[in-house]
Amino acid sequence: MRYTVLIADDEPEIVELLQLYLEKDYTIKTAVNGAEALQCIRSTQIDLVILDIMMPVMDGLQLIKQIRATYHMPVLFLSAKSQDHDKILGLGLGADDYIAKPFNPLEIVARVEALLRRVNQFDAAEIPEAKEQNLVLGDLTLDRSQCILFRSGSPVTLTSTEYKIMELLLDQPGRVFTRKKIYEAVWGDYYAHEDSTIMVHISNIREKIERDSRQPEYLKTIRGLGYKIEAPMES
């Protein structure tokens, strides 16, 4: 299967560079602003979007809101804005990963491969029998056959990245997973030290599953080690 990647950036040299490195393995579509990118997404089967934040007509932050209202393909933010608050904002709106300019194009290739590999596993039609079992913890039920998380019987809207993190943690409740272990399990073999990506995804998950995200009952931080999930204590 040949995946289609959309590159949305108003800098021609960036688009040309990415296209040079990606076109051997992927069908490439391009857009110079957010409105053009959205039109392309609506008219073409797009498997992954590489998205700049600062674009005319409609910027990347506005665009990802439009994307996440309907679509679930992975989105990789690519931006000159490298401050943590920009990364947190982008990931909080639904991006799966974030790379700051200037970048190594080989890193882009590695992250695209990892994101598409993870989505392919997420959408796989043939799931091993052992993985068809629901994972249940407290009020949470992860239905592996439908790839849906339920809280008290109501579906919780997760991105594919959030789903994979929850599947990893719920499969072994009580086990502490380091950031490195989570990154390698969810993103593939690429791991960036001192990266805030996992922290932001954990924060987003807490907003969706906890009664009070500031005092999580399920998804706990183990200071200096990582994260674990456990059933809430009965009051």
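The structure we're discussing is the one just above.
Definitions and limits used
- Residues numbered from 1 in each chain as written.
- Predicted model: local features only at pLDDT ≥ 70, side-chain atom pairs only at ≥ 80, totals over all residues.
- Heavy atoms only, no water.
- Helix = DSSP H or I, 4+ residues; strand = E, 2+ residues; numbered from the N terminus.
- Axes fitted to C-alpha atoms, helices over the stretch in contact; angles between N-to-C directions.
- Parallel < 35°, antiparallel > 145°, perpendicular 65-115°, else oblique.
- Contact = heavy atoms within 4.5 Å.
- Nonpolar A, V, L, I, M, F, W, Y, C, P; charged D, E, K, R; others polar.
- Buried < 20%, exposed > 50% of the residue type's maximum accessible area, 1.4 Å probe, protein only.
- Arc of directions from axis to C-beta.

(A) Looking closely at unusual backbone geometry. In this structure, the amide linkage connecting Lys-101 to the following residue, Pro-102, adopts the cis form with an omega of -5 degrees. Position of Pro-102 relative to the elements: it lies in the loop between strand 5 (97-100) and helix 5 (105-122). For Cys-147, which is not glycine, the phi dihedral falls at a positive 55 degrees. Inspection of the secondary structure puts Cys-147 in the loop between strand 7 (140-143) and strand 8 (148-151).

(B) Here's a closer look at the packing of helix 7 (residues 179-187) against helix 8 (residues 197-209). Where helix 7 contacts helix 8, the two axes come as close as 10 Å, and the packing angle between them is 80 degrees. By the angle between their directions, the pair helix 7 and helix 8 is classed as roughly perpendicular. Contacts between helix 7 and helix 8 pair Arg-179, Ile-182, Tyr-183 and Trp-187 from the former with Thr-197, Ile-198 and His-201 from the latter. Split into classes, the residues belonging to the contact of helix 7 with helix 8 amount to four nonpolar, two polar and one charged.

(C) Broad picture of helix 7. Along helix 7, the positions that sit buried rather than exposed are Ile-182, Tyr-183, Val-186 and Trp-187. Buried residues of helix 7, viewed axially, fall in a sector of 95 degrees; they line one side.

(D) Quick look at the environment of Arg-117. Among the secondary structure elements, Arg-117 is positioned in helix 5. What makes Arg-117 partly exposed here is its relative accessible area of 37%. Residues Arg-117 and Trp-187, 70 residues apart in the sequence, show an inter-C-alpha distance of 8.4 Å.

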